[in-house]
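Examining the three-dimensional arrangement
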There are 12 protein chains.
Amino acid sequence: MNKVLIINGPNLNLLGKREPDIYGKESFDSLLSMLRRQHSDHQIDYFQSNHEGEIVDQLQQSDGSYKGIILNPAAYTHTSVAIADAIAAIETPVIEVHISNPMARESFRHKSFVAPYVIGSISGFGLKSYELALSHLLSL
Amino acid sequence: MNKVLIINGPNLNLLGKREPDIYGKESFDSLLSMLRRQHSDHQIDYFQSNHEGEIVDQLQQSDGSYKGIILNPAAYTHTSVAIADAIAAIETPVIEVHISNPMARESFRHKSFVAPYVIGSISGFGLKSYELALSHLLSL
Amino acid sequence: MNKVLIINGPNLNLLGKREPDIYGKESFDSLLSMLRRQHSDHQIDYFQSNHEGEIVDQLQQSDGSYKGIILNPAAYTHTSVAIADAIAAIETPVIEVHISNPMARESFRHKSFVAPYVIGSISGFGLKSYELALSHLLSL
Amino acid sequence: MNKVLIINGPNLNLLGKREPDIYGKESFDSLLSMLRRQHSDHQIDYFQSNHEGEIVDQLQQSDGSYKGIILNPAAYTHTSVAIADAIAAIETPVIEVHISNPMARESFRHKSFVAPYVIGSISGFGLKSYELALSHLLSL
Amino acid sequence: MNKVLIINGPNLNLLGKREPDIYGKESFDSLLSMLRRQHSDHQIDYFQSNHEGEIVDQLQQSDGSYKGIILNPAAYTHTSVAIADAIAAIETPVIEVHISNPMARESFRHKSFVAPYVIGSISGFGLKSYELALSHLLSL
Amino acid sequence: MNKVLIINGPNLNLLGKREPDIYGKESFDSLLSMLRRQHSDHQIDYFQSNHEGEIVDQLQQSDGSYKGIILNPAAYTHTSVAIADAIAAIETPVIEVHISNPMARESFRHKSFVAPYVIGSISGFGLKSYELALSHLLSL
Amino acid sequence: MNKVLIINGPNLNLLGKREPDIYGKESFDSLLSMLRRQHSDHQIDYFQSNHEGEIVDQLQQSDGSYKGIILNPAAYTHTSVAIADAIAAIETPVIEVHISNPMARESFRHKSFVAPYVIGSISGFGLKSYELALSHLLSL
Amino acid sequence: MNKVLIINGPNLNLLGKREPDIYGKESFDSLLSMLRRQHSDHQIDYFQSNHEGEIVDQLQQSDGSYKGIILNPAAYTHTSVAIADAIAAIETPVIEVHISNPMARESFRHKSFVAPYVIGSISGFGLKSYELALSHLLSL
Amino acid sequence: MNKVLIINGPNLNLLGKREPDIYGKESFDSLLSMLRRQHSDHQIDYFQSNHEGEIVDQLQQSDGSYKGIILNPAAYTHTSVAIADAIAAIETPVIEVHISNPMARESFRHKSFVAPYVIGSISGFGLKSYELALSHLLSL
Amino acid sequence: MNKVLIINGPNLNLLGKREPDIYGKESFDSLLSMLRRQHSDHQIDYFQSNHEGEIVDQLQQSDGSYKGIILNPAAYTHTSVAIADAIAAIETPVIEVHISNPMARESFRHKSFVAPYVIGSISGFGLKSYELALSHLLSL
Amino acid sequence: MNKVLIINGPNLNLLGKREPDIYGKESFDSLLSMLRRQHSDHQIDYFQSNHEGEIVDQLQQSDGSYKGIILNPAAYTHTSVAIADAIAAIETPVIEVHISNPMARESFRHKSFVAPYVIGSISGFGLKSYELALSHLLSL
Amino acid sequence: MNKVLIINGPNLNLLGKREPDIYGKESFDSLLSMLRRQHSDHQIDYFQSNHEGEIVDQLQQSDGSYKGIILNPAAYTHTSVAIADAIAAIETPVIEVHISNPMARESFRHKSFVAPYVIGSISGFGLKSYELALSHLLSL
């Protein structure tokens, strides 16, 4: 099973455009190209949605087909029990990543509903958070 | 009006597979078949969605067509004001059901946004929670 | 073992007289007569007390003699650890019932000490909450 | 750029039918017709959804095409970080409107996730809240 | 109906002995004798109990037989929903009295469950709190 | 010293006009006339102000000139540390009165800053709260 | 009745001088002149005070003489129950306005005591908040 | 005065049967026999009740007759102000004991109303908690 | 600019008389005389008021005329956003002083609204708190 | 293994000097001498430190060498997760003792981080708390 | 006794280097030299440590040898009960100083454990906070 | 600068022995050897301490000598403002690592004081958390 899935939550499709002082100026596409080049022996699938329900659907449908899932739930980190329950319900390992460090932002971003159910969390390294998560998944 | 609607919220499509120590091993389909056999004089419709918005849509569209609605909002019980508002907005009676007892689980599951708007709540009886709700609806 | 016990907590002896807009106008006696008529093959015992300690005593003494206990702890739902501990201590299954839905009333009624220890909770259906609980117990 | 967008959140499609003591008896369509007649030199687009994700999508897609957006997030006001993040991410000015005054209702409606990111908030004037917001946008 | 009932809650039978710096040195009996002498045209009944349930019983049984009830719930002021519910359930007016001012003591004594259901509250005047309550009841 | 002072806080000058379902229809003047007639051997002074600072001034200036002060701080009950400090600073006994029972209203009205410093509190008896306070003061 | 009253709370007399990055550089006088010119068929009275009590006095005295009152309670928004009670006590409609959006500032500014009693709230539009409020009042 | 009293609160009559993983398998009778054998020069009285009021009664009636009282209030530890007040009201020293350590259980068991009034607290040593308390009392 | 202003808040005019165990026995006048003697090359103005609004007025009117302001807001420290806003609005440096240490008193005195806006805070040194503040201001 | 270790936390080296109304007048040395005399068949080691880290070190290093450890963490009871983790990490049984009863003191002393990990807690008996703990350890 | 001790808590050895926008650019050494020059008739000792325990040790060992202690507990202000207990345990007067004003920073810096035990607190004056504290100590 | 420093907080010297179900069975030494072998072109220094102050010292002394610091503050994560301040004070980048996921454990472990000051956080990957942190540091 040499496939890995990256799921990005709401507003991450605007990466590179949205609030560059928090999220940086690089778009996610350029990161994705780079990761695919670096790991050409693996298939890296990508899914982005602004819909809580679609992320739940995707997590369920991906179960069993991937070595692991890298999930940046963005705003849903702090409000979605449904996504947390989906992670708990599937068997594929999920890693939580964040570009910035939610703990250094508004207090409503300090709560993560998904953290108790993932195999690990990586936050604050910018887009490198994804690289670190990927390197861990591929080493499993 | 001899129709009843059952609405299941996020991750309940995994019933029987997901965390069987909490939710049991029976799939929802087998329950549904049994209920339909037992109550062949009624039409029992079924809707499941992982999307908060689709549950709101469904509640609205069903208004006036059913004797009552049995709703297990699952994770949205604890986070959705939108579903609660939809229940308040329609006239069809809604019963809240839960398979396990949220009060015996994590503290963020103790809050129910929908409880103040339903005609009654049944929780903790496993899949029998649905049977009890149905028997009540049919007796109205 | 064809016996079932119904325990009612404080002020429920006033049912039918007390705040009829919340609790309805039917007295508990008429419900009890009806339930006994409907289930003449079972013995339905009834106990009401305004005393927390007597409810604890009753739960303990009933252990082993009943198929199950239907308990409406009323005000003690929200304040009694002793009753909750008694339910945890005995082996007879207990169902929590409420006539109105505590979640739709004052915030101090949102907490249930007994909920984590019962096999299920039914609330908001008026006196029909008892019927539903009984039908479940008899089906066990 | 003589276009303005009005976005209505969950259950506002029921306006005029739902809880008329809170939301009034006028439907949103009649308001919209009136506004379009009054401001025939502007194009007033309208979008309603019960889906949090669709509102996020709409906000993103509308960025750059409108003079401003009038948003009534309804229930999502109190639960959606994703919509708040979308407003922060786009450059088009957004005005928050409410028909009733959330501060005069249940305490869970006192929190607005979107308020810190909008250029202004108008609440409590019934459907006139939209008129005020529109007159402000057109005066920019 | 020229009867009045005074109900004293837990530990008030020790009045005059218990913590005299808080509750004073006078026993309740001497107060009662004085009140009966002063108001010889009325029957002043007295009930004291350390049992929450007995106070609930007494309130229920007294309903309809008294012009009014003067209740010092003592410790149960802060912990008993059952007594509060009993006051709400009966029609006889109840006045809440306290010898000391609970608001000037530990913070767990600042909460009164009964206050929302009584016709008035008098606290802090020592045993004179009862006199004031009685003079009000007799003036009705 | 046969003088007593009654101080009324903000908006109590509107008594009889303002929200009669909460505060009754009687004006304070008619009560005052009646109290003065009943207790013609005492001078009953009256002071009303909507200004927190003027109530502090009045409490200070009255110290030593009155047998006691009857104070209804109204809204300032819940927000004024300055008035509470003034009561603590003077030697004249102060009684806190309320027309309605703050404990039965919004939660921000449950806090009384002045309660720990007065000799007693009387609330909920309508304008009779003042009569009871006066009868106590005159009996000292 | 073609009169409207604008009441400004504490420190708003410094407008144009005080913290211009929050409140802007325009003085209130220039706004007032402009509003009076635009609406020469109406009398627009103006009152500013740093005193909570004077604002209460003014609200009471204005009752019945104005079509409506536009109130920016400034700091008293967050601390004054007395002003909130005054608004509840009078019959003249009151609109709450804020120059900046309190929800985007310190958390102690998120609470508005007056919001539940006004007919509507407008905040965040700078001095245009007053214009919007006025245009609404005049349209009544 | 060579008498000591042991008071056990609700559900402790089930000791040895109830939840043996928390409370152990030994019944209280066997402990009591052993303690009486070991300390034959003292009279060790025993009282158990599931009633809060009876424990208050017993504490009051025992005052002056015992060298000390060993009290395991069980569930009432966390909910009874009445028992705490009784301990404060009597002069006989009281020791609080617990079989398990409430601090290691649910958070609602972390609060002890009686702790501030006892001469000492012993918890977590199983039935040995009583032995330690007794050895301390006899050494006084 | 050799002028300094001292502003004292509510009840500080009673200094020397009010609660001497907390505030000491010295009157403020004697301190003021001493400070003026010691610093005869400076003009030390003094203002005391029990009115929140007058303190706001004074702060505004003094702006630009003094080297600095020494402010003991007393009770308003804990309740006045208006005074805090006035300090933020003016340019003259303000020092917060307290005679006793609010942190060692009731918890509602632990909050200081003005602290974030002053150049420094001095508390607990009795009347010497003013001396320290003055010596700092004069050294600027 | 006939060795026992007593560890005292910060400021307990001042025992007998520090706040004798709370901690008594006896020094710890005299207690230690007495305990060693009474239990001459055991080696009673003693360690006191004001350093959180040294207490963690000592707990780790003592593991396996003692029958048990008697620990009075003093101030660190309420603030040290590190000491609690050390107790959880070692196998030697630890008993928590306190001279006074933290539950009867300031609320920040009500929290014990170590309580969930010790085999039992003894508090409030003065220096006798240590004797009781020792007698229990030696009886194991 | 002409000796004074200054104790600086964690990270204050970096003064002048660390976050100069909060703590200024001057090193503590240059302040110390200046203070020693200004007060050559006194011995000014200095102690800095990043260790909570060493600060407790130092406070204890200094007791009786100094006219007073100036303590900037830095981070330990907000987390150390041990240092607070040490201050309470010794007789030498301690003054709490802070360079910046903790009340104007993150909310976890608003709590001071030491404040209730010191003779006074000075904060926000930069390094001048120490000068003010010293001038007070020397004036005793 | 080809040096990296790993700092481990309290009780991590017991790794492999302590609670293996939470922390795993591997000792830290074996991980360290492996990391050094894998990255023989870098010097990987290691420091472990149970002392908060020593970790602060070490962070300060390492500033400027290392490419970066990998810090597992263990228990001090949740209680140490001093370590957080040290990280903020130095310029060397610090990465926070945790073996288990604190968010999935007791609620007092959900708070991280250091998170706002580190460049990134990695938790839950077991000892692999260190590997990921190291690979990131070396890639800088």
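Residues numbered from 1 in each chain as written. Chains lettered and ligands numbered in written order. Predicted model: local features only at pLDDT ≥ 70, side-chain atom pairs only at ≥ 80, totals over all residues. Heavy atoms only, no water.

All right, on to the pattern of salt bridges then. If you walk through the whole model with that rule in mind, you get 27 salt bridges over all chains. Across the salt bridge formed by Arg109 of chain A and Glu106 of chain A, the nearest N and O atoms sit 2.8 Å from each other. By relative accessible area, Arg109 of chain A is classed as buried at 5%. Three or more residues are tied together by salt bridges with common partners; here these are Arg105, Glu106 and Arg109 of chain E together with Asp85 of chain H. (Salt bridge = Lys/Arg side-chain N within 4 Å of Asp/Glu carboxyl O. Buried < 20%, exposed > 50% of the residue type's maximum accessible area, 1.4 Å probe, protein only.)

Moving on to the relation of the copies chain A and chain L. Superposition of the two copies of the chain requires a rotation about an axis and a shift along the axis. The two copies are related by a screw operation: chain A maps onto chain L through 180° of rotation and 0.0 Å of translation along the axis, at an RMSD of 0.0 Å. Such a combination of turn and shift is consistent with a two-fold rotation axis. Judged by C-alpha distance, Ile122 of chain A is the residue of chain A that lies nearest the rotation axis, at 2.3 Å. Mapped onto chain L, 100% of the interface residues of chain A are again interface residues, and the two copies thus contact each other with one and the same surface. (Least-squares fit on C-alpha atoms with pLDDT ≥ 70 in both. Contact = heavy atoms within 4.5 Å.)

Let's shift gears to the side chain of Asn11 of chain G. Looking at the secondary structure, you find Asn11 of chain G in the loop between β1 (3-8) and α1 (20-23). For Asn11 of chain G, the side chain forms a polar contact with the main-chain oxygen of Ala82 of chain I, separated by 3.0 Å. Look past the residues within four positions of Asn11 of chain G in its chain and what remains in contact with it is Arg18, Gln48 and Asn50 of chain G together with Val56, Gln60, Ala82, Asp85 and Ala86 of chain I. (Helix = DSSP H or I, 4+ residues; strand = E, 2+ residues; numbered from the N terminus. Polar contact = N/O pair within 3.5 Å; in protein donor to acceptor, adjacent residues only side chain to side chain.)

With that settled, consider the sheet that holds strand β1 (residues 3-8) of chain E. The strand order across the open sheet built from 10 strands is β2(E)-β1(E)-β3(E)-β4(E)-β5(E)-β5(F)-β4(F)-β3(F)-β1(F)-β2(F), with neighbouring strands paired in mixed fashion. In the strand order of this sheet, the two ends are held by β2 (43-48) of chain E together with β2 (43-48) of chain F, each with one partner. For this sheet, the mean inter-axis angle between neighbouring strands, taken without regard to orientation, is 20°. Pairing between strand β3 (residues 68-72) of chain F and strand β4 (residues 94-98) of chain F: three bridges, direction parallel. When the bridges of β4 of chain F are listed, Ile69 of chain F appears paired with Val94 of chain F. (Pairing = 2+ DSSP bridges. Axes fitted to C-alpha atoms, helices over the stretch in contact; angles between N-to-C directions.)

Before going further, it helps to examine the sheet that holds strand β4 (residues 94-98) of chain B. Pairing in this open sheet of 10 strands is mixed, and the strands run β2(B)-β1(B)-β3(B)-β4(B)-β5(B)-β5(C)-β4(C)-β3(C)-β1(C)-β2(C) from one edge to the other. Only two strands of the sheet have a single partner each, and these edge strands are β2 (43-48) of chain B together with β2 (43-48) of chain C. Adjacent strand axes in the sheet meet at a mean angle of 20° when their direction is disregarded.

Take the interface of chain G and chain F next. Between chain G and chain F, the contact holds 15 residues from the first and 15 residues from the second. Carbon and sulfur atoms make up 51% of the surface buried where chain G meets chain F, a total of about 1,300 Å² over both sides. Three residues, Gln60, Val81 and Asp85 of chain G, lead the burial of chain G against chain F; their summed loss comes to 36% of the area buried on that side. Residue Arg109 of chain F pairs with Asp85 of chain G through a salt bridge whose shortest N-O separation is 2.9 Å. Between the two partners, chain G and chain F, sit eight residue pairs in polar contact (both at pLDDT 80 or more). Of the residues that constitute the side of chain G that touches chain F, the class distribution is eight nonpolar, three polar and four charged. (Buried area = accessible area lost by both parts, 1.4 Å probe. Nonpolar A, V, L, I, M, F, W, Y, C, P; charged D, E, K, R; others polar.)

In this section: the packing of helix α3 (residues 52-62) of chain D against helix α5 (residues 81-89) of chain D. All names here are of chain D. Running from N to C, α3 and α5 point in directions that differ by 0°, and their axes come no closer than 9 Å. Considered as vectors, α3 and α5 are oriented roughly parallel to each other. Residues Glu52, Ile55, Val56 and Leu59 of α3 lie in contact with α5, whose contacting residues are Ala82, Ile83, Ala86 and Ile87. For the contact of α3 with α5, the per-class residue count stands at seven nonpolar, no polar and one charged. (Parallel < 35°, antiparallel > 145°, perpendicular 65-115°, else oblique.)

Take the packing of aromatic side chains next. Applying the stated rule across the entire model yields 36 aromatic pairs over all chains. Ring geometry for Phe28 of chain D and Tyr130 of chain D: centres 4.7 Å apart, planes at 70°, overall edge-to-face. One end of the pair, Phe28 of chain D, is in helix α2 (residues 28-38); the other, Tyr130 of chain D, is in helix α6 (residues 128-139), with 102 residues separating them in the sequence. Each member of the pair, Phe28 of chain D as well as Tyr130 of chain D, carries the same accessibility label: buried. Between Phe28 of chain F and Tyr46 of chain F the ring centres are 4.9 Å apart and the planes differ by 20°, which places this aromatic pair in the stacked class. One end of the pair, Phe28 of chain F, is in helix α2 (residues 28-38); the other, Tyr46 of chain F, is in strand β2, with 18 residues separating them in the sequence. Judged by its relative accessible area of 4%, Phe28 of chain F is buried. When the ring centre of Phe113 of chain G is taken as origin, the NZ or CZ atom of Lys111 of chain G, which lies over that ring, is 4.8 Å away. (Phe/Tyr/Trp six-rings, centres within 6.5 Å; stacked < 30°, edge-to-face > 60°. Lys NZ or Arg CZ within 6 Å of the ring centre and 35° of its normal.)

By themselves these figures say nothing about function.
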